[in-house]
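Residue-level structure breakdown
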Amino acid sequence: MSGDPRAERTRDRLRRALLEECAERPLAEVSVAGLVRRAGLGRATFYLHYPDLDALAVDACAEIVRDAVEALHAWRGVPDPAAPPAALTEFFTGIVAHAALYRTLLREGGGGPLGDLLHRELRARSHRERELAGAPAPDLIASAVAATFTGVLADWLHDRVPATPQSMAAQVWRLLLALHMTPLP
């Protein structure tokens, strides 16, 4: 995307309008016409920035991906298995507000456009962190961390893993630490 401030403001208006629309109805019931009306923009402007509503939805939800990646890496030193980073608990608590939209883009098991994006971003960050630390098997563990977190998050959003946001953060934290501490040859 371009660095043009006007284009970024327009995309921001479209993202906010989509989140407002999805707070009232499922994404499948949102129309481009209603969305641009809410954003105060023309239909042609929408199509200058996005090919369809799904592309806008992924862009609007991309922040959840950044937040997840940062929350999982929001610690330094020796991690305490009993205390997940506060950012991880805040992440799970914060996503509840738009859970219906996230469920549309992040299917059970971690598939879907948002799941694909989350998996790629988390895998890349985990791989970088393991390489910097000189930890063994960065490819394997980064893939395992990305797949595990993305799948568990999706299943939690789809009510397949019953837990409060606080409990989910604690359980995911211990699970991911176990992956990182798995002895490998």
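Provided above is the structure to which this section pertains.
Read on for a plain summary of the structure. Here the structure is a predicted model, which means the values were calculated and not measured. (Residues numbered from 1 in each chain as written. Predicted model: local features only at pLDDT ≥ 70, side-chain atom pairs only at ≥ 80, totals over all residues. Heavy atoms only, no water.)

**Quick look at the packing of aromatic side chains**
Keep this limit in mind: Note on aromatic contacts: the rings of Phe and Tyr and the six-membered ring of Trp form a pair at centre separations within 6.5 Å, being stacked when their planes are under 30 degrees apart, edge-to-face when over 60 apart, and tilted otherwise. Burial status follows relative accessibility: with a 1.4 Å probe on protein chains alone, a residue under 20% of its type maximum counts as buried, one over 50% as exposed, and anything between as partly exposed. The way it works is that DSSP assigns letters per residue, a run of H or I at least four long becomes a helix, a run of E at least two long becomes a strand, and they are numbered from the N terminus.
According to the stated counting rule, one finds six aromatic pairs in the structure shown. Aromatic pair Phe-46 and Tyr-50: ring centres 6.1 Å apart, planes at 40 degrees, arrangement tilted. For Phe-46, a relative accessible area of 0% puts it in the buried group. Of the residues examined, Tyr-50 reaches a relative accessible area of 2% and is grouped as buried. Their ring planes at 45 degrees and their centres at 6.1 Å tell us that Phe-91 and Phe-149 sit as a pair that is tilted. Here the residue Phe-91 occupies a position in helix H5 (residues 86-94), and Phe-149 occupies one in helix H8 (residues 138-157), the gap between them amounting to 58 residues. For the pair shown, Phe-91 and Phe-149 are each scored as buried. An aromatic cluster is present here, built from Phe-91, Phe-92, Phe-149 and Trp-156 joined pairwise through their rings.

**With respect to the packing of helix H1 (residues 5-24) against helix H4 (residues 53-72)**
Where we set the bar: Interaxial angle, 0 to 180 degrees, is taken between N-to-C directions of lines fitted to C-alpha atoms, where a helix line uses only the stretch in contact. Roughly parallel means an angle under 35 degrees; roughly antiparallel, over 145; roughly perpendicular, 65 to 115; everything else is oblique. In this description, contact between two residues means that some pair of their heavy atoms is separated by no more than 4.5 Å. Asp, Glu, Lys and Arg are counted as charged, while Ala, Val, Leu, Ile, Met, Phe, Trp, Tyr, Cys and Pro are counted as nonpolar; the rest, among them Gly, fall into the polar class.
In contact at an axis separation of 9 Å, H1 and H4 are set at 95 degrees when each is read in the N-to-C sense. When the axes of H1 and H4 are compared, the pair comes out roughly perpendicular. Residue-level contacts link Arg-11, Leu-14, Arg-15 and Leu-18 of H1 to Leu-53, Leu-56, Ala-57, Asp-59 and Ala-60 of H4. Class assignment of the residues belonging to the contact of H1 with H4 gives a composition of six nonpolar, no polar and three charged.

**What to know about the pattern of salt bridges**
Rules: By convention in these notes, a salt bridge is any Lys or Arg side-chain nitrogen within 4 Å of a carboxyl oxygen on Asp or Glu.
The final tally for this structure, using the stated rule, is 15 salt bridges. Asp-59 is the partner of Arg-15 in a salt bridge, and the nearest nitrogen-oxygen pair spans 2.9 Å. Of this pair, Arg-15 sits in helix H1 while Asp-59 is found in helix H4, placing the two residues 44 residues apart along the sequence. Judged by relative accessible area, which is 22%, Asp-59 ranks as partly exposed.

**Re the layout of surface pockets**
The condition is simple: Think of a 1 Å grid over just the protein atoms. A cavity is a set of points where a 1.4 Å probe fits yet cannot get out, a pocket is an open set with protein on both sides within 12 Å along at least five of seven lines, and lining residues have an atom within 4 Å of a point. Grid points are joined across faces, edges and corners, and a volume is the space filled by probe spheres set on the points.
Here the largest pocket defines a volume of roughly 470 Å³. In terms of lining, the largest pocket is formed by 19 residues, of which the most central are Trp-75, Glu-129, Arg-130, Ala-133 and His-180. Mapped onto the lining of the largest pocket, the elements with two or more residues apiece are helix H7 (113-133) and helix H9 (165-181). Here the lining of the largest pocket gets six residues from one element, more than from any other, and that element is H7. Around the second largest pocket, the lining comprises 16 residues; the ones closest to its centre are Ala-60, Glu-63, Ile-64, Asp-67 and Tyr-102.

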